[in-house]
Amino acid sequence: MAESDVDLESEKYEKHREAGEILAQVRAEAAERVEVGTSHLEVATWAEDRIRELGGEPAFPVNISVDEEAAHATPSIDDETTFGEEMINLDIGVHVDGWLADTAVTVDLSGNPELAEASEQALEAALDIVEPGVGTGEIGAEIEDVIDGYGYNPVVNLTGHGLGHWEQHTSPNIPNRAVSQGTTLEAGDVVAIEPFATDGGGKVSEGASEEIFSLEREGTVRNRQARDALEQITEEFRTLPFATRWLETDRPEMALRRLKRNDIVHSYPVLKEDDGFLVSQKEHTIIVTEDGCEVTTE
């Protein structure tokens, strides 16, 4: 797409910017609430409510990943977990009329500031080279280089991603390591770049816990709770991820089990490094401009 074809002042981009502005504020305020003894559920629900207060909607449940967890961890309905002396990643999303922003920050209560710094500096280095024509593999190489320089490993099976309309993950993927094949960024692309750094091996696998789901396809179910849940999902969340605790039906876990069994929703199991290791994360959403990029979540 030639630059002349992209109107970066169009309503779509304005809504991406509005989502990013709300999100930058909520990320900063939520991070301040993370301290030893505070509950995960309290921070997540506070952030989600704050997003609505500021005129947006959560694009997905607030992810609170602790220590070896990297993604897809969010509190359950009656979760009583509190923060300890741990490494905590907050990953938060906002949408305005389906146009998204996605951001993450590590709050380190574990005494490993260098690991948190590695992902932060990797993101800075990646943003420095973004412009039309740069390859996603080059961005990955930059991220890997910085994290390696700190003596850590990038998490290679998690990537940044494009952001679509009502779609949290679209092409292109932005790798966290050098790859020979990739996509070339173009002016007008909206992407989230999210380096993950770890003192582990650099690959995450699925854990047992599932609290986040999204709609896979339309369908019908006989069970009343499942039907109520499906109605709320299709009307309110559409194709965006949602948490079990967001459902207003009684017995939401059972409703989701039925919907999952019928392939109407799919789950996002928690992704984690091996036990005993730590993961840090830093993420911004950007719009690729004619001569670089605009960070919407700064």
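Residues numbered from 1 in each chain as written. Predicted model: local features only at pLDDT ≥ 70, side-chain atom pairs only at ≥ 80, totals over all residues. Heavy atoms only, no water.

Enquirer: How do you make sense of the overall build of the protein chain when you look at a structure like this?
Expert: When its secondary structure is counted, the protein chain shows six helices and 15 strands. For 298 residues, the compact-globule estimate of 2.2 N^0.38 gives 19 Å, and the protein chain sits close to it at 19 Å. For the protein chain, the spread of C-alpha atoms along the three principal axes comes to 55 × 45 × 35 Å. When each of the 298 residues of the protein chain is scored for burial, the buried share is 56%. A fraction of 76% describes how many contacts in the protein chain between residues 6 or more apart in sequence connect residues 24 or more apart. Accessible surface computed for the protein chain: about 13,000 Å², of which carbon and sulfur atoms make up 40%. Where the 22 positive side-chain charges of the protein chain centre and where its 65 negative ones centre are 12 Å apart. (Helix = DSSP H or I, 4+ residues; strand = E, 2+ residues; numbered from the N terminus. Rg over C-alpha atoms; globule rule 2.2 N^0.38 Å. Buried < 20%, exposed > 50% of the residue type's maximum accessible area, 1.4 Å probe, protein only. Contact = heavy atoms within 4.5 Å. Areas by Shrake-Rupley, 256 points an atom, 1.4 Å probe, with all protein chains shown as cover. Lys, Arg positive; Asp, Glu negative; His and termini not counted. Charge placed at Lys NZ, Arg CZ, Asp CG, Glu CD.)

Enquirer: Can you walk me through the UniProt feature "binding site: a divalent metal cation 1" (unreviewed entry) in the protein chain in this structure?
Expert: Sequence positions flagged by UniProt for "binding site: a divalent metal cation 1" (unreviewed entry) are, in local numbering, Asp-91, Asp-102 and Glu-283. A stretch of 193 residues holds the annotated residues, and the largest C-alpha distance among them is 8.1 Å, short enough that they meet in one place. Relative to the helices and strands, Asp-91 is located in strand β3 (residues 87-96). Here Asp-91 is in contact with Phe-60, Pro-61, Val-62, Asn-63, Asp-102, Thr-103, Ala-104, Glu-194, Gln-281 and Glu-283, once residues within four sequence places are set aside. Tracing the chain through its elements places Asp-102 in strand β4 (residues 99-108). A polar contact is formed between the side chain of Asp-102 and the side chain of His-161, at a distance of 3.2 Å. (UniProt positions renumbered as here; feature names shortened; annotations may be inferred. Polar contact = N/O pair within 3.5 Å; in protein donor to acceptor, adjacent residues only side chain to side chain.)

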